[in-house]
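Remarks on the overall topology
Okay, here's what each chain looks like letter by letter:
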Amino acid sequence: MTSRRKFLSQWAGAGAAGLGAGLGMFSLSGHSASPTGYKALVVIHLNGGNDANDMIVPTDAAFSDYTKARPSIALKSDMLLAISGTHLGHKMALNTACSSLLPLFNSGRLGFVVNAGALVKPTTAAQVLNGTATLPPYLYSHPEQTQYMQGWTGDEDPSGWGGRALENMDPGRTFKAPLITINTNDNTLVLGQKSRVINANSGGSRYMGRADLTDSTNRWTQILESLTRLQSVNNVEAEYARTFKGVFSDSKQLALADSMAQNPSGNFASDDIAVRLQYAAKIIPFYKSTGATRQIFQIQWGSFDTHANQRYTSVMTGNASQDTQLAQLANALAAFDESMVKAGLGNEVAVLITSEFGRTLDPAAGYGSDHAWGSHWMVMGGGVNGGRFYGDKFPSLVLGGVDDAHNQKRGYWVPQFSSDQVAADLLMWLGLPADQLTKVMPNLVNFSKKSVGFMNG
């Protein structure tokens, strides 16, 4: 006979849906009465600080500034794909590694948010240089900068803007499976103050130990389910039982989604970001069909901390080059968008692509770049006013120029949009009332313009 201790230890070692700490948990089986319809936001964070200076490049007179500023890693003209029209006063081109994105841009399903990042309040390069700027905490640090731009407001409240927003949209906590990560350890963005977070694994979550969650007749599944009905007068034990019930329910739902949902129609490759987005494209229609109305998915992926070997060298430091990763990302995004359109969700799913900071315009030794600040982000989906570059200006690609906020003239761009302003567009599209924005993202009180304006409703 299997002892209770042995059984629980077998379960504890199993890969299954995880949990974000909190007391008032969302009900997996509940349905939202308001808002109606279905909308989902997928946030893809490029780990390490993507060098967007080598993703979008001006091809007019500013191209000579670009090549002069970073001769060792600048893209050559034959590595650029022209973007039609004039944007922010420039002729623009896209890194050919991102060629799969150009049809999405041209069709109005993808837009670029120029020079976004972490900001406490509107700031200029001059204020940074003369020491009067209010800077975000831990600026240029990977983990803290990632968490800050995802809504972290300090150790007293580790939650993020995604989790807080859905809680404010649904104070009764009736949304079904609203907050999900896919193969992601840091769940700051989708962590609420009272909410359960589902940690999904693209490899599947059919088994919890020896329990087959897709088979209600499996003896181990029945034993686990019986544990979800345990009662206790002890508050700690009662909360543990309620937590376990949530984990079991989430894992079972994911297992059913993975086993019952149809494979998406997009042409996905076999690399890591493609596998994750293929999994998202598979379970999103399933969740909609089973009653979900609002969902936020978080994915953190990549190795963009390219201090060396960014390009023009065959030597790698254990990471793929920037161009290799950008190509994988672009192809996966195109396949995901195709899948959503063919599933009838082309206007109901939006994608935001971020990175914690950009890189120095001035290259680092070894064909790389160092930590900087503002970077170019992307938004995708039928709800996006695409085919546009959002911003008042494109940064001057001159070391020590008017937009350089580094005292040694290395090319740091102060963001013209805060991460909160970018998030505001997407959260209002999801259904968060405008008067709740500053409750979800307190620093927005410092900005007269609360959003960017790239969503079409």
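Bear in mind that the values here come from a model prediction, so they are computed numbers and not experimental data. (Residues numbered from 1 in each chain as written. Predicted model: local features only at pLDDT ≥ 70, side-chain atom pairs only at ≥ 80, totals over all residues. Heavy atoms only, no water.)

Residues of helix α5 (residues 142–149) that are buried: Q145, T146, Y148 and M149. Mapping the buried residues of α5 onto a view down its axis gives an arc of 165°, with all of them on the same face. Taken together, the buried residues of α5 touch β1 (39–46), α6 (161–169), β10 (294–301), β11 (349–355), β14 (375–380) and α11 (419–430). The first or second residue beyond α5 is G151, which carries a positive phi of 110°. (Buried < 20%, exposed > 50% of the residue type's maximum accessible area, 1.4 Å probe, protein only. Helix = DSSP H or I, 4+ residues; strand = E, 2+ residues; numbered from the N terminus. Arc of directions from axis to C-beta. Contact = heavy atoms within 4.5 Å.)

What follows covers unusual backbone geometry. For Y138, which is not glycine, the phi dihedral falls at a positive 55°. Structurally, Y138 is set in the loop between α4 (125–129) and α5. By relative accessible area, Y138 is classed as exposed at 51%. Within the chain, N309 stands out as a residue other than glycine whose phi angle is a positive 60°. Its place among the elements puts N309 in the loop between β10 and α10 (322–342). According to the relative accessible area criterion, N309 is buried, its value standing at 10%.

This brings us to the confidence of the model for the chain. In the predicted model, the chain carries a mean pLDDT of 90, and the fraction of residues at 70 or more is 91%. The low-confidence segment residues 1–33 (pLDDT under 50) makes 87 contacts with residues lying over four places distant or belonging to another chain. (pLDDT = per-residue confidence, 0-100.)

Quick look at the environment of I296 now. Mapped onto the elements of the fold, I296 is located in strand β10. Along the sequence, I296 and L166 sit 130 residues apart, while their C-alpha atoms lie 8.6 Å from each other. Those residues within four positions of I296 in sequence are excluded, and the remaining contacts are L41, G162, L166, P178, L179, I180, L189, V190, L427 and L430.

Right, let's talk about the packing of aromatic side chains for a bit. The tally for this structure, following the rule as stated, stands at ten aromatic pairs. Centroid distance F112 to F389: 5.0 Å. Interplanar angle 40°. Geometry classified as tilted. Placement of F112 in strand β5 (residues 110–117) and of F389 in strand β15 (residues 389–390) is noted, with a sequence separation of 277 residues between them. For F112, a relative accessible area of 1% gives the class buried. Relative accessible area serves as the criterion here: at 7%, F389 is assigned to the buried category. (Phe/Tyr/Trp six-rings, centres within 6.5 Å; stacked < 30°, edge-to-face > 60°.)

Let's shift gears to the packing of helix α8 (residues 235–260) against helix α9 (residues 272–289). One can describe the packing of α8 onto α9 by two numbers: an axis separation of 9 Å at closest approach and a directional angle of 105°. Judged by the inter-axis angle, α8 sits roughly perpendicular to α9. Where α8 abuts α9, its residues Q253, L254, L256, A257, D258 and M260 lie against Y279, K282, I283, F286 and Y287. (Axes fitted to C-alpha atoms, helices over the stretch in contact; angles between N-to-C directions. Parallel < 35°, antiparallel > 145°, perpendicular 65-115°, else oblique.)

For β11, the tally of buried residues reaches seven of seven residues, placing the bulk of the element in the interior. Summarising the sheet, β1 and β11 pair through seven bridges and their orientation is parallel. From the neighbouring strand, V43 faces β11, where its bridge partner is L352. With three bridges connecting them, β11 and β14 associate as antiparallel partners. (Pairing = 2+ DSSP bridges.)

Here strand β4 (residues 90–95) lies mainly inside the structure; five of its six residues are buried. Of the pairings in the sheet, the one linking strand β2 (residues 56–58) to β4 comprises three bridges and is antiparallel in character. Looking at the pairing, I56 lines up with L94 of β4. Bridge analysis of strand β3 (residues 80–87) against β4 gives five bridges, and the strand direction is antiparallel.

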